Every structure is written in C-alpha cells, then in structure tokens.
Amino acid sequence: MSDKIRLTTPRRKFLTATAALGGLQLTSPFIIKARGETPVKIGFIDPITGSLSALAVSEVEGAKWTVEQMNKKGGILGRPVQLLVEDSANDTGTGVQKAHKLIERDNVDIIMGDVNSGIAYAIMGVTSDKKVFHIVPGGHTDPITGKDCKWNTFRTCNTTAMDASAVTGELVKRFGKKWFFITPDYAYGQTLQANFVKKLTELGGTWQGDMLPISSSDFSATLIKAKAYKPDVLLNNMGGSAQINCMKQFVQFGMNKEMALGGALFEIESVRSVPKEAQAGWWCMEWYWNQPDVPLVKQFVDEISPAIGGKKPTARHWMSYVSLHAARLAAETAKSLDAVKMAHALADLELPPEVALMPGKIKYRAGDHQLMSDIFVGQVHPPGPGGPDDLFKIESTVTGEQAAGSVESTGCQITWPS
Amino acid sequence: MLQLVLFNLTNGLIVGAFYVLMALGLSLIINLSNVVNFAHGNFLAIGGYLAFTLTPYLGFWGALLVSPFLTAIFGYVIEKLLIRHVYARNHIYSLLLTFGLGFILQDACRFIWGPSPLPLGIPDILSLPITPDLFFVTWYRVFMVVVVIVAVGGLFAFLRYTRVGMRIRAGTLDLDTVSALGVNVAALRSYNFAVGSFLAGLAGVLAAGQIGLNPNMGDDLIMPSFIAIIVGGVGSLTGTLLGGLLIGVASALTTVVYPAGAEAVIYIIMALVLLIRPRGLLGEEGMLT
Amino acid sequence: MSTPLATAPSPAARPWRQLLVIWALLLTVPLWLPLLGGYTAMAGRVLVFALAAMSFNMLLGFTGVMSFGHAAYFGLGAYGAGLCLKFVAASTPLAMLAGTLLGGIAGTLFGLLLVRRRGVYFAMVTIAFGQVCFYIAYKWDDLTGGYDGLRGFTRAPIDLGFVTLDIANNGTLFYFFVLLVFGLAVGLQALILASPFGRTLLAIRENERRARFLGLPVERHIWLSFSISCFFTALAGSLYALLNNFADPLGLNYIMSGNIVMITVMGGMRTFWGPLVGAVLFVMLQDYVSSMTTNWMFFVGMTFVLVVLFFPRGLMGMLKKKAEA
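Predicted model, so just to flag it, every value in this text is computed and none were measured.

1. Quick look at the environment of Met316(C)
Residues and elements named next belong to chain C. Structurally, the position occupied by Met316 is in helix H15 (residues 314-324). Taking the C-alpha atoms as reference points, Met316 and Gly64, separated by 252 residues in sequence, lie 18 Å from one another. Those residues in contact with Met316 that sit more than four places away from it in its chain are Gln18, Gly267, Thr271, Trp273, Gly274 and Val277.

Okay, here's the thing in structure tokens:
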C-alpha cells in the first residue's frame, strides 16, 4: 500500500496558491503603514481562546463598543481611536509576543490586558520596559497593584483583599462566623483565602478549608468534610467550570438546606451557565447593570445592549469601558500620549459619573494605581421579572476605600522613571 | 474516620469507572492500529455536545442512546478519510495527525456551540441522592457506574463472541497474519476506531451530565486515560480497566488526607510503575514496541 | 521509504551556498524583517523554537526515535534559567548554564528508564513524563510561582570586561546574542552529527536490527542521543526564559511538545536546517493567523493535518528531493 498521496499537480497548485496568499499577508502591513499614522492606537490583549474565553469575549465586546462611541465623540485628543485586539490564547509566551508585536510593529500608544493574571504580569514586564501606558481591566491577582506594582500599570478590577473584605462583613452579620473554604490551589486562590481568613478572624470567626487542584470537577470528598464540620457558611472560591461544578454538587447533595453559600466572585457569565438550583448564594459583583438609583447606568445599559446581542452588559463590559475612558481622560488631562505624563495624570483623577456608572466617586489610587470602585454585595438568584439577566439582587454597597487596605498593606512601592 | 474512608472509596470507584470508559476507547485504538488518538478527548466533547443538541428532541435518554452511535459514525468517517493514510508510515505522523485533528475539533466545538460553558439537563430523579446517609451518591453517579459496567461488559462480550471482535483481538497480537488469512484489515481498523469513538462519545454524554459542557473539557480527561493505560499495561484491555480503577481510587483516597495532592498521586503511581514494572500491571513484554 | 545510508548527506558537507544564504538572512534580520511586517522579538522567538526543534531533530530525524514530550526539557531549561536569575545571581551565562544542566540532566536520567522502549509506548511515556514536569511546575508554587509562572527576573547585561552588552534593554542586541548562541549550538550539533557517533545514529535510524547485529551498542547510543538532544533543548528553553523574562508551566506541557514536533516535521525532519524553516513558518503562521481570526486553532490544526497528509517530508525535504531528482 502506497504511503504517498498521489496528488502531484494539485499539490503544486496548492503550494503556489498558499505562497501567494502568504505573500499577500506579508505585504499588507507594509501598505497600511504607508497611509499615515494619525489614529491613537490601543492594543488589547486577552485570552479569547482557552478556558477564560467567556470573560475575555465580554471584555472585547465592551472595548469595541466603547471605542466606537468614543470615535463618534471625537476620539482621544481629537484623533480617532483604533483598537487592535490580539489573542493571548491563555499562554504567557504568546501574550508576551503579542505585546512586543503591538508595541514594536504597530506602535500602539496604550496597552490593555490580560484577564489571566500571569499573562498580565508578563505583559507588565514588557510595557514598563518600553515605557508604554498599561491598564489591566480584569486580571485579579493582588501583586499587580501590590508588591509587583509598576508606575505605568493601572488596574481596574478589584483585588482579592477588596472582594474578601466587602463580603465578609455581610456574611458574618447574616449567617455566622463558622466558615468552610473550598479554594483553588494557586496564587489567586491562596491570596483570596488568606484575605478572607484575615477579615474573618478579626471578627472572631473560626474556619476550616480544603485546597484543591484548579480544575477539579468532583467535589464530593471535600463537601463530605464540609458537611461534617457544620459551618454557617461555605465559601466557594473556585473559578470557571470548577466553581460551577462545585455549586451544582453542593445543591445536589442538599447542603444548601443546611448552610449558606458565599464567596467573592461569581461572574454573570458563569451564572448564566448553571442550572437554576445552582443560581444562588451571596457574592460580590464589581459592577451590575441594574442600579435603579444611578440613572446614567440605565442609559449605558440601553445603549450597549443592542451591540452585544440584546443581553445586558456584565462587569467585564464595564471594566473595558472604564479602562478605555480612563485612558482617554489621562491623555486629555496630560494633553499628551507620553506614558509618564499620562500615568501622573491618571493617579488620583476622579472619574466622572458617566464613566464610573456607580454611586461612589471612583479613582485610581495614586499609591498603588488600583481603582477604588464600589463593590456590590448581594444574592444571586434564578432569572427574575427583569429578564434572563436579572440574576443578582444588591443588598449592600461597600466603597473601595473601605474594602481595600491602606497602600502600605498592599506592599506597593511605585518607582517612577528618572 | 472509617466512614470517611468508605465514602471516598466508593467515590473513587465511581470516578475510576469513568476513567475506565475513557481509557478503554483509547486503548482499543492504540492496540490495534498503533495510533495514539490525541483527539480522543475531543471525541468525548463531541459526544457530549451532540447529546446537548439532541436532548430537546429526544430527551436525555434518547440523547444518551443516540449520541454515542453518532460519535462512532463520526469516528469511522474520520478514520477512513484521514487516519488510514498514516498507518504505513512512521508513527510520528499518526501522533501529529491526531494532535492537529484535536485542535480542529476543539475549535469546531467552540465555533458551533460557543465558548461559554453549557449545561446538559439530566432527569430530575437522577439528581437525588440514593439515601440521606449516602448523600453524595446521587442516582446519577450510580447510573454512571451501571452504564460503564454495561458498556465494558458489552465491549468484552463483543470482543469475545463476535467475529469482528475476535478479529480485532487477533489483529492486536499479529496483524500481518490476520491479513494473510484474508481478513479485510482496513475495514477492521475502521470498525475498531468506530468502537473506540463510541466509548468516547458515551463517556462524553456521562461527563456532560456531571460537569457540563465546554470546548476544552476533553483536555483534562485525556491525561488520566493515558496514565490508566500506562499503569495497566499497553496492549491489555483488562489492564486498562484495572489501571483506571486504581488511579480513581488512589486519587479519591488521597483527598481524605491531603486534598491538594489528589492529582499528584496519579503521576506518582505512574512513575512507580515505570520504575518497578515498566510494562504495566498486565502488559506483556514486547507488546507494542 | 528510507534513503540509502551511503548517500545520506552529512551536515558538514552541506553546499556552502545554502549555508551562506541562511546566515546572510539571519544576520541581517533587523534590517529586512520590519519591512515585511515583522518585529525583532518575533525573530528571537523563531530562533529559540528553531534551536529546540533542531535539538529535537537530532533525536527524531537522525536517530529515528520519537519523543513526544520534549517540551519538558525546554521548560526545565526555562525554569532553571529563571530560578538562577531570580535567586542566585543576575548573570546571564550562569542562568543559561543552570537551565541547560537542569533540563539536560533530567533528560539523561529519564532516558535511562526509557531506553529499551520503542514506538508508541516510548512516545506515550515521554508524554507522561512531560506532564509530570508540568504538574510539578504548577504545583510547587512557592518555588516556581505555580500557575502564574515564574516572574520577577530579567535578563542581565553581560559584562565582558572591556564592554558591557546591554541585552536587557536593547532588543536588537539581544537578538544578536541569541543568534550567537544559536550559531554555536547548531555548529556543535553539526559536528556531533558528522562524527562517527553521528553516523552510527543514522545507522540505527535506518535499520536498528542490522546495527545491533553489527555489534553496535544500540541502547547506549540512543540514550546518548537522547541525552544530548535534551541538553540542547534545555539551552533553547533557557533562551526562551531570557526572551520573555518569564517562565511558565505551559512551556512544559504536551501542546508545546506537539508544536516542537510539528515545527520539525513541517520544515523537514530528515534535513539539518529543516526545523529552522519549520520554525519560521510556524511562528509566522501563528502570529498572523491569530491576529486575523479567533479561529486560529482551526487553521493551525488544519496545517498539521495537511502537512502530515500531503507534505510529510516538510519544506526542506521537498526541496532536497527536487534537487536530487
């Protein structure tokens, strides 16, 4: 039996066609460069493929819509904004490569990304090296605005310290001080649990917990342990599919009748994909679309909804929105796209209400470049009268300053370039 | 304490049963065709996703019955179109082919069903625990074990008592002689691949009911399958069966004392097997060199 | 299917023209690459992958042994270099040495276990070992930073006494540094492959049984080849860590292994320079396609399938065949 595919002539044609196509790809950037460089270029790196894709896709949707709206109102410093989206594919090497590409080849003025904290760090290394202004919209790990903070990097979403702090008070008040943790065993999970424990012990609580592999799918062993411990609250710190499965099994085993369920983040993208019984528990949202007391929110929601398939925007959409507008305001305040000037301008700059879209006055703190946004603590529930995205009821709001520790406690020391 | 151990032992057997289902399909394909099907996890995902699409029309039970057959047909087609070209060549090509195929299938799942996780609805009765005491053993888990037992039993019966099965077993030992005896080896390989895909699809439906669907669900499951095969011995289906159960139980029991090490113990077992008895528990020397 | 042993061209006898062309292109990259829409960091990435693939090719193309877990040594090289830079000393040469030793020694030890296995089983076990390394890297997070990867180190400028090479801040200088290391490494590889040892490897590739009957210690040669290949791959890995200022577990897992194999096959696994060509194609493909569409996985997978089915000899292999015909 022959092991060669006898397709010699078509094979040759195929080769030539591919070579031609490849040649075209190589020449096209060259052509675009020649046309002039007036737009303000923003590079957006996110893991559009891979296990975090649901969150990344929301961020990218939010970014694209925001840039469109910005351009209708004159862009940044009177110049149109061009958004260059690159896929980091949940791989650090790729993320770094894309960062180099955006900075060296495409000459972007601003970089945003990544949802994956590890990749966000790696990109921070490149951007601070090359002195490019960088905002991390949705990467949560604490050291980004903590001990690894950099002068050119700002972070929009909360630290685990903020989330833990916001939720703990409410949970203790409503349910009790005896807790059980189910935590993923990596930096983010460990810091999250440590922050919870710190707050809990301050309030005189006791706890037990299990550290599990990140992508665990079976939680029976740890849930058995939890049941035996009889806590007041079970803290589900897992993320992604693991979080979903833990919730499902928690409900399946009937444990929701014996103890309360809570945690830090249970993002709407994940809530949408669990069965009704698992749409429960006490969590915090970094932003939520249904804020009846803040009128500008409804306007924003109504404007963006058609562009994202009729759904309501999630916190991820908002994170992109705020980050992009923050960049714009930084540039306009500094009257320049120079990274150092923009960074100085954005520090402690209070964001206007139509950007903030929440009750409090929010800003990126000068000491650590962390956004001090409001945190909404409340309950997740199955879809209510407000529609399929009516999944959360805000019970209390904690301001960023209240929840975050002092700048010293984060360990951040910003050194500015000379 | 004893109760905890017993709980986890039972749990381990359930998890192990699932690994067995996955690994057997993979093992079948390796044994006969010497092809390591890197895309096996993606076949599992396809089985699950097909069940998701079929459930509104056929209900859960209908989807459970139909989806593995569809996956088997899909596997058959893939084998005939793509995989059969690389049998006569250096093994590296079959590895690369299935590796690339895995990428394509994963992206296809993402493209057709979207990147967000999807739930597979299971009948309500299956969600209930079997007794209040054994609260973590839902009927669904029992159902899973039953299905695996039926499938494995069916597989062994198929291999032992049907003509095709017998030929597959013979082919595993000496394909040249089988061919010389006039058996259509190409067709045999296709059927074998189809059977392997059937098992993957079935595993996919079961997994989907338990952990939901997402495009990279197969990635995490393919490694334990490899390890089950290595531990049990390449070339021996019974070995794979034992290997799967062993790692399932070991993993669950480790969770009792040191939960973070539940994954590690699987690798440790594999390392031990490689050091002490490289051909695996039931593997035969010279099998699959 | 096998080329006659007597006419298998040894790398040292390569037409000088080809060598000249390749080196001329490599040395002038900063000049022509940006014109084509590339960027210097991409070239660095190409060289690193090319080195890894060429090292792997010593095993696959020249000894005929199929390891599908080579990313393990690549990743170990990266971690070795990173850990050295972070905890021991800010010295680039030391880091590279540390990385190379870590990956190389791990491979050498592991090779001892494997040396009697062949074919599919060998491949499976190498995959499994790769995954063990991956698992350790992301579990031992106190040391390796775990899932988030090892960070907090950057490549250090090299102080040669009379001049300091600031490879940390100068991207172009770093590229030339990588090129230098690459050149030395592949030169050494060529020497090894042209030596009697290298010829023996070819003999083993062509017909292992015959080689054994000739009295050649086949297992020992395979083990040595495996070991050498791992050392070079680890060197490539340490360069990767310097390139990214980062080392992460994904550099160890089976997808990276698959990419290395693909690069080798795509370029031509039985030619010396094939993997370099493969690396160019692969990095370019990945770079461009992932910017155009989020369905890049489909295209990459499709490329794998098409290469396996229609271009199994790879690009260089096809060119060589045309030249011989």
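Once the structure has been displayed, the description carries forward.
2. Let's talk about helix H8 (residues 217-232) of chain B
Residues and elements named next belong to chain B. An ideal rise of 1.5 Å per residue puts 22 Å on 16 residues; H8 measures up with 24 Å between its terminal C-alpha atoms. Extensive coverage of H8 is indicated by the burial of 14 of its 16 residues. Phi turns positive one or two residues past the end of H8, at Gly233, with a value near 110 degrees.

3. Some thoughts on the domain arrangement of chain A
The extent of an interface is frequently quoted as the accessible surface area lost upon association of the parts. Residue and element names in this part refer to chain A. Per the domain assignment, the segments of chain A are domain 1 (11-160 + 296-374) and domain 2 (161-290 + 375-404). Spacing between the C-alpha centres of domain 1 and domain 2 amounts to 29 Å. If you look at the interface, domain 1 gives 30 residues, while domain 2 gives 26 residues. When the buried area of domain 1 at its contact with domain 2 is split by residue, Thr160, Lys312 and Asp374 rank highest and sum to 27% of it. At the junction of domain 1 with domain 2, the criterion picks out one salt bridge. The closest approach of N and O atoms between Glu267 and Arg316, which form a salt bridge, is 2.8 Å. Taken together, domain 1 and domain 2 are joined by 18 residue pairs in polar contact (both at pLDDT 80 or more). Where the side of domain 1 that touches domain 2 is concerned, the elements lending two or more residues are helix H2 (53-72), helix H10 (295-304) and helix H11 (315-334). Per-element tally for the side of domain 1 that touches domain 2: the top contributor is H11, with four residues.

4. Here's the deal with the nonpolar core
Core analysis: the biggest nonpolar cluster contains 242 residues, and Leu206(B), Phe68(C) and Phe182(C) have the highest contact counts within it. Per element, the largest residue contribution to this core is 17 residues, and it comes from helix H3 (residues 40-63) of chain C. Residues Ile135(A), Phe180(A), Leu261(A) and Phe392(A) belong to the second largest nonpolar core, which totals 90 residues.

Rules and cut-offs
Residues numbered from 1 in each chain as written. Chains lettered and ligands numbered in written order. Predicted model: local features only at pLDDT ≥ 70, side-chain atom pairs only at ≥ 80, totals over all residues. Heavy atoms only, no water. Helix = DSSP H or I, 4+ residues; strand = E, 2+ residues; numbered from the N terminus. Contact = heavy atoms within 4.5 Å. Expected span 1.5 Å × (residues − 1). Buried < 20%, exposed > 50% of the residue type's maximum accessible area, 1.4 Å probe, protein only. Domains from an automatic or database assignment. Buried area = accessible area lost by both parts, 1.4 Å probe. Salt bridge = Lys/Arg side-chain N within 4 Å of Asp/Glu carboxyl O. Polar contact = N/O pair within 3.5 Å; in protein donor to acceptor, adjacent residues only side chain to side chain. Core = buried A, V, L, I, M, F, W, Y, C linked by side-chain atoms within 4.5 Å.

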